[in-house]
Amino acid sequence: MIDPYVQDGKSMRPHWIPAEYTLFVNAYNVSKDSSGKLLTNVEPSFVQEVVVHENYSETSLVHDIALLRLNESVPFGSKSLPQPICVPMDPVNDEVASVGHALRCFGWGYNAEGVLSTTKLWVTLQRISLEDCLERFSNMPSRQPDIADVSERNICTVTISGHDAYAGYSGGPLMYHKGGRWFLIGVISYGVGAISNKFPVVSTNVQQYTDWILSSDRCVGSVITDRHVLTAAHCLDNKLKDEVTMYFGIYDLQKKDKCLQEDTCLLRKPSEFIIHDEYISNEKNNDIAIIRFDQPLNTTARAIEPICLPHNIAYDEQTLNTTRTDDGTGVSLLSFGWGDIGGDVLSHTRRAVRLNVIAGSECENSVNSKTMCTLGVTAGHDVCNGDSGAPLVWLYDKKMYVVGVVTSGPKCGIHYNRTSTAMSISHYMDWVLAKIGTD
């Protein structure tokens, strides 16, 4: 559940929850003490990143969906622990979730007596057609036209269990049960506040946003052979290979369909995740991984080339900041990605940033000698959320070398002087070469 506890979200994967604020995962009982502090049966989970849909409107509530990245993974496994909910990837509704069928929701909202519940309440709802939904809204005494304009992006329901999912249920999961599993079909958006089935509750239709959900869980990687990509290990935390899609030679993610159709970029699915043996989730050390794919990249007619690995050269992090370009501008390293550009908005175009290397003694995020710390050359410009796995690129002797893999970055546009952390590739060269089968 979420603080304030009149909102709710259900765990999908260890890092992503569709809702907002501080979360209490697997909570059941909630209350507040005299000072207003929330009391629950579980410890809080803290939010690292908020990703609100870029077209969300506070007035019309269209695209009312968001994701939260937690600062640490939620443990899954035994029956006493929370379990991830399934997201149906097919845009066509499952029969058991279609119009006329029952769906479930839970939360800590107002009960049938109009009292805010201190225990998790389950609500049973029936799905109605959009036509029926619009007609019911048109008959409301004080209709709010901006909010009542529902479409295929929404799911409408009415209560069949005595009270509705209105105040306090926003962000709650609209679910159905099939084959021993729960499936998330909607996220509760708004309702009227009735204990009858006269007026509907409107939810965001999750099946209309699966591409957005997957694209928001974004990382970057570097091509190091025609079958291998170098990235950060935490990008693959609890991921299945089917959940990861890689795009090569792409600049604008909004044009990926056109790019693939014109064969100017490539798509690959992973065949193997090679995560460093000593990587531990939630720790910054050894946060490095390789993704292997079976179908090699054909780079002949595309702007795709493997970046150089620094196994035949040595570089000194202390002197990188004195490297100069032809125009005399001081440059240390470059990085590229499609991460946060401020305001929790992910870039749809590839962006580049110049970074200075910070000595370990001056780096607040330094773990050990295997890590590198960087700071944006320009205040407010840095690698950010969504840039994990991106390369730190060193231009040396007219070649581009990957000398680091980004593992964490600041909150862009807010923390101007907070350093970013990367794995130093020179300390992992033996491991990388062994895994890609290079002498």
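Residues numbered from 1 in each chain as written. Predicted model: local features only at pLDDT ≥ 70, side-chain atom pairs only at ≥ 80, totals over all residues. Heavy atoms only, no water.

## Let's talk about the overall build of the protein
Check the secondary structure of the protein and you find four helices and 25 strands. Within the protein, the proportion of its 439 residues that are buried is 49%. When the accessible surface of the protein is totalled, it reaches about 21100 Å², and 47% of it is carbon and sulfur. (Helix = DSSP H or I, 4+ residues; strand = E, 2+ residues; numbered from the N terminus. Buried < 20%, exposed > 50% of the residue type's maximum accessible area, 1.4 Å probe, protein only. Areas by Shrake-Rupley, 256 points an atom, 1.4 Å probe, with all protein chains shown as cover.)

## Looking at helix H1 (residues 130-138)
Every buried residue belonging to H1 is among Leu-130, Cys-133, Arg-136 and Phe-137, and all of these are buried. All buried residues of H1 fall inside an arc of 120° around its axis, so they share one side. In the core, the buried residues of H1 are packed alongside strand S9 (121-128), strand S10 (154-159), strand S12 (181-191) and strand S13 (201-205). (Arc of directions from axis to C-beta. Contact = heavy atoms within 4.5 Å.)

## Some details on the pairing of strand S14 (residues 222-225)
Relative to strand S15 (residues 228-231), S14 runs antiparallel, the two sharing three bridges. Looking across to S15, one finds that Val-223 is bridged to Val-229. (Pairing = 2+ DSSP bridges.)

## Re the nonpolar core
One finds Leu-230, Leu-309 and Val-432 to be the most contacted residues of the largest nonpolar core, which totals 20 residues. Here this core gets five residues from one element, more than from any other, and that element is helix H4 (residues 429-436). Look past the residues within four positions of Leu-309 in its chain and what remains in contact with it is Ile-224, Tyr-401, Val-402, Met-429, Val-432, Leu-433 and Ile-436. Counting 19 residues, the second largest nonpolar core, distinct from the first, contains Ile-250, Cys-265, Leu-355 and Ala-390. (Core = buried A, V, L, I, M, F, W, Y, C linked by side-chain atoms within 4.5 Å.)

## Looking at the side chain of Thr-124
By the element assignment, Thr-124 lies in strand S9. Here the side chain of Thr-124 touches Arg-104 through a polar contact of 3.2 Å, side chain to side chain. In contact with Thr-124, not counting residues within four places along its chain, are Ala-102, Leu-103, Arg-104, Val-158, Thr-159, Ile-160 and Ser-161. (Polar contact = N/O pair within 3.5 Å; in protein donor to acceptor, adjacent residues only side chain to side chain.)

## Digging into the packing of aromatic side chains
Counted under the stated rule, the structure contains eight aromatic pairs. Between Trp-122 and Trp-182 the ring centres are 5.7 Å apart and the planes differ by 35°, which places this aromatic pair in the tilted class. Of this pair, Trp-122 sits in strand S9 while Trp-182 sits in strand S12; the two residues are 60 residues apart in sequence, bridging distant segments of the chain. Judged by relative accessible area, which is 27%, Trp-182 ranks as partly exposed. (Phe/Tyr/Trp six-rings, centres within 6.5 Å; stacked < 30°, edge-to-face > 60°.)

## Notes on the environment of Leu-116
On the secondary structure map, Leu-116 appears in the loop between strand S8 (102-107) and S9. Classification of Leu-116 by relative accessible area gives partly exposed; the value is 24%.

## Topic: the state of the cysteines
Using the criterion set out here, one finds three disulfides in the structure. Shown here is the disulfide that connects Cys-133 with Cys-156, its sulfur atoms set 2.1 Å apart. One disulfide, between Cys-133 and Cys-156, carries an S-S torsion of -60° and so falls in the left-handed class. Note that Cys-133 is positioned in helix H1 and Cys-156 in strand S10, a separation of 23 residues in sequence. Summarising the burial analysis for this pair, Cys-133 and Cys-156 share the class buried. The disulfide bridge from Cys-219 ends at Cys-235, spanning 2.1 Å between sulfur atoms. Judged by the sign of its S-S torsion, about -90°, the bond between Cys-219 and Cys-235 is left-handed. Placement of the pair is Cys-219 in the loop between helix H2 (210-216) and S14 and Cys-235 in the loop between S15 and strand S16 (246-248), with a sequence separation of 16 residues. On the accessibility criterion, Cys-235 (9% relative accessible area) is buried. (Disulfide = S-S within 2.5 Å.)

## Thoughts on unusual backbone geometry
The backbone of Asp-263 sits at a positive phi, close to 65°, despite the residue not being glycine. Topologically, Asp-263 is positioned in the loop between helix H3 (256-261) and strand S17 (266-268). A positive phi is found at Asp-397, a non-glycine position, where the angle reads about 55°. Assignment of secondary structure puts Asp-397 in the loop between strand S23 (391-396) and strand S24 (399-408). Accessibility expressed as a relative area gives 62% for Asp-397, which makes it exposed.

## Examining H4
Of all the positions in H4, only Met-429, Trp-431, Val-432, Leu-433 and Ile-436 are classed as buried. If you follow the buried residues of H4, they end up packed against S14, S15, strand S18 (272-275) and strand S19 (289-292). Positioned one or two residues after H4, Gly-437 has a phi angle of 75°, which is positive.

## Things to note about the confidence of the model for the protein
Looking at the protein, the pLDDT average stands at 78 and 79% of residues meet or exceed 70. Contacts for the low-pLDDT stretch residues 1-20, under 50 throughout, to residues beyond four places or in other chains number 104 contacts. Long-range and interchain partners of residues 318-331, a stretch whose pLDDT sits below 50, account for 21 contacts in this model, where long-range means more than four residues apart. (pLDDT = per-residue confidence, 0-100.)

## Considerations on the sheet that holds S19
The strands making up a sheet associate through backbone hydrogen bonding, with each pair oriented either parallel or antiparallel. Here we have four strands laid out as an open sheet, ordered S14-S15-S19-S18, and antiparallel in their pairing. Where the open sheet ends on each side, the last strands, each with one partner, are S14 and S18. Across the sheet, the mean angle from the axis of one strand to that of its neighbour is 30°, orientation sign disregarded. Taken strand by strand, H4 contacts S14, S15, S18 and S19, and its axis lies near 15° from that of S19. (Axes fitted to C-alpha atoms, helices over the stretch in contact; angles between N-to-C directions.)

## Details of the pattern of salt bridges
Think of it this way: side chains of opposite charge can pair up when their charged atoms draw near. If you walk through the whole model with that rule in mind, you get three salt bridges. Linking Asp-132 and Arg-136 is a salt bridge whose minimum nitrogen-to-oxygen distance equals 3.0 Å. Of the two residues, Asp-132 and Arg-136 both sit in helix H1, four residues apart, roughly one turn of that helix. (Salt bridge = Lys/Arg side-chain N within 4 Å of Asp/Glu carboxyl O.)

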